[in-house]
Each structure stands twice: as structure tokens, then as C-alpha cells.
Amino acid sequence: MNDKGYSWPEALLVLLLTSVIFGTLLPFATKMAMDLAQKKQAMFAARTAYQGVILHSTYGTVSGVEDVEETQFGWMIQGMSVCVSYTSFEKDIRTCYGI
């Protein structure tokens, strides 16, 4: 014990807890947040496809672009499906949904 009342076991325990938090829990939380953001963008893509099908059936429009949360979702009718293209974490993603 030193003059302030702290002992070596307490210091090692604090060091262990700090390394557990920053070594495992923080990267896990970051990965979960990124997965959630990707699922959110996939949901926006599905919503854009749905709205594109509505526009196609109502006005005959075959393509369009929707901006959602600073991401451009481009949709296009191709045969009996609607395809949505967007960029997610610097990767180009294209998803097609059947009509």
C-alpha cells in the first residue's frame, strides 16, 4: 500500500478491467453498430424498391433515385423485378426484388 491507500492488487484489477472494456466490449459494440447501420440501409433499399413499384404501376416510370440519410438509392424496373443500387461503407450494393 502506498501513501494514498492504493495497493498493487487494486491497480492490477483496474488495469484488467480497462483492458477487458477496451479490448473486447468496445470492438463488439462497434461491430454491432456497423451491422445495424447496414441493416438499416437494406431496409431503406427495400422501401425504395416498394415506392419504385408504386411509381411504375401508377405512372409507368421505369427508374428513379431517392436520397435517404445522405445515401442515394437508385431503382430500376427490369422485367418482372425492381433492382436497387446504393453505396454502403464504400461498397456498391445491388439488390433485386421480384414483382
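So, how was this worked out
- Residues numbered from 1 in each chain as written.
- Predicted model: local features only at pLDDT ≥ 70, side-chain atom pairs only at ≥ 80, totals over all residues.
- Heavy atoms only, no water.
- Pairing = 2+ DSSP bridges.
- Helix = DSSP H or I, 4+ residues; strand = E, 2+ residues; numbered from the N terminus.
- Axes fitted to C-alpha atoms, helices over the stretch in contact; angles between N-to-C directions.
- Contact = heavy atoms within 4.5 Å.
- Salt bridge = Lys/Arg side-chain N within 4 Å of Asp/Glu carboxyl O.
- Buried < 20%, exposed > 50% of the residue type's maximum accessible area, 1.4 Å probe, protein only.

A. View of the sheet that holds strand 1 (residues 63-68). If you walk across this open sheet you meet the 4 strands as 1-2-3-4, and the pairing is antiparallel. In this open sheet, the two edge strands, each paired with only one partner strand, are strand 1 and strand 4 (91-98). The mean inter-strand angle of the sheet, taken between neighbouring strand axes irrespective of direction, is 20°. Its contacts with the sheet place helix 1 (residues 8-59) against strand 1, strand 2 (71-78), strand 3 (81-88) and strand 4, and it is angled at close to 145° to strand 3.

B. Focus on the pattern of salt bridges. Taken as a whole and judged by the stated rule, the model has 3 salt bridges. In this structure, Lys31 and Asp35 form a salt bridge, with 3.0 Å as the shortest nitrogen-oxygen distance. Here Lys31 and its partner Asp35 are both found in helix 1, 4 residues apart, which amounts to about one turn of the helix. Its relative accessible area of 30% is what places Asp35 among the partly exposed residues. Across the pair Glu69 and Lys40 runs a salt bridge, and its minimum N-O distance is 3.3 Å. One end of the pair, Glu69, is in the loop between strand 1 and strand 2; the other, Lys40, is in helix 1, with 29 residues separating them in the sequence.

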